[in-house]
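An overview of the molecular structure
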Amino acid sequence: QVQLVESGGGLVQPGGSLRLSCTTSGRTFSAYTMAWFRQAPGKEREFVAAISWTRTTFYADSMKGRFTISRDNTKNTVYLQMNSLKPEDTAVYYCAADRRSISRDASAYEYWGQGPQVTVSS
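In short, a report on the structure. Fair warning: this is a prediction, and the values are worked out from it, not measured in the lab.

1. Points about the overall build of the chain
- Of the regular secondary structure elements, the chain holds zero helices and eleven strands.
- When its helices and strands are written in sequence order, the chain yields β-β-β-β-β-β-β-β-β-β-β.
- Radius of gyration (C-alpha) of the chain: 13 Å, near the 14 Å computed for a compact globule of 122 residues.
- Overall, the C-alpha framework of the chain stretches about 40 × 25 × 25 Å when taken along its three principal axes.
- Counting only residues that meet the buried cut, the chain has 48% of its 122 residues in that class.
- Counted over contacts in the chain with a minimum sequence separation of 6, partners at least 24 positions apart contribute 57%.
- Taken as a whole, the chain presents about 6300 Å² of accessible surface, with 46% of it coming from carbon and sulfur.
- In the chain, 14 positive and 10 negative side-chain charges are present, and the distance between their average locations comes to 6 Å.

2. Brief notes about the state of the cysteines
- On inspection of all chains with the given rule, the structure shows one disulfide.
- Across the disulfide, Cys-22 is cross-linked to Cys-95 (sulfur-sulfur distance 2.1 Å). Residues Cys-22 and Cys-95 are joined by a disulfide whose S-S torsion is about -80°; by sign, that bridge is left-handed. Pair noted here: Cys-22 is in strand β3 (residues 18-24) and Cys-95 is in strand β9 (residues 91-98), with a separation of 73 residues, a long-range link. Like Cys-22, the residue Cys-95 is buried in the burial classification.

3. Description of the packing of aromatic side chains
- For the structure shown, the criterion picks out five aromatic pairs.
- With a centroid separation of 5.5 Å and an interplanar angle of 70°, the aromatic rings of Phe-37 and Tyr-109 are classed as edge-to-face. With Phe-37 in strand β4 (residues 33-39) and Tyr-109 in the loop between β9 and β10 (111-112), the pair connects residues that are 72 residues apart, well separated along the chain.
- Judged by centre distance (6.4 Å) and plane angle (75°), the ring pair of Tyr-94 and Trp-112 falls under edge-to-face. Here Trp-112 lies in strand β10 and Tyr-94 lies in strand β9, a separation of 18 residues in the sequence.
- Among the residues examined, Trp-112 registers a relative accessible area of 27% and is labelled partly exposed.
- An aromatic cluster is built from Phe-37, Phe-47, Tyr-94, Tyr-109 and Trp-112, whose rings are joined through pairwise contacts.
- In this structure, Arg-45 packs its charged tip against the face of Tyr-94, placed 3.9 Å from the ring centre.
- Here the guanidinium or amino end of Arg-45 rests over the ring plane of Trp-112, the centre of that ring lying 4.8 Å away.

The rules behind the values
Residues numbered from 1 in each chain as written. Predicted model: local features only at pLDDT ≥ 70, side-chain atom pairs only at ≥ 80, totals over all residues. Heavy atoms only, no water. Helix = DSSP H or I, 4+ residues; strand = E, 2+ residues; numbered from the N terminus. Rg over C-alpha atoms; globule rule 2.2 N^0.38 Å. Buried < 20%, exposed > 50% of the residue type's maximum accessible area, 1.4 Å probe, protein only. Contact = heavy atoms within 4.5 Å. Areas by Shrake-Rupley, 256 points an atom, 1.4 Å probe, with all protein chains shown as cover. Lys, Arg positive; Asp, Glu negative; His and termini not counted. Charge placed at Lys NZ, Arg CZ, Asp CG, Glu CD. Disulfide = S-S within 2.5 Å. Phe/Tyr/Trp six-rings, centres within 6.5 Å; stacked < 30°, edge-to-face > 60°. Lys NZ or Arg CZ within 6 Å of the ring centre and 35° of its normal.

By themselves, these are just geometric observations and shouldn't be taken as functional.
This is how it looks when you write it as structure tokens:
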């Protein structure tokens, strides 16, 4: 069983930055595809970014150039650096993991974190 523990959410003003972290249990983190999804109130969960074990990355079009996903296999941790935040980025952000190939589909991920809240507001 893989457990994901996220941190780094909070309140930020428009144009500001936040970095989310997701640390996993287990000794095979380097073999997992890791991803971030988000869900705003009343909306479906949407793909944000993903990174494979080979460090191939995918981004949702609306996040390209603003968000950066990275991983540190020595710390079993994946990060999401979010810059130039907008009010529409307000959502619960979920970390996800799976041993299969990188995907933008939430159903492709077996393990999920609890989801920190990110609120972008002045």
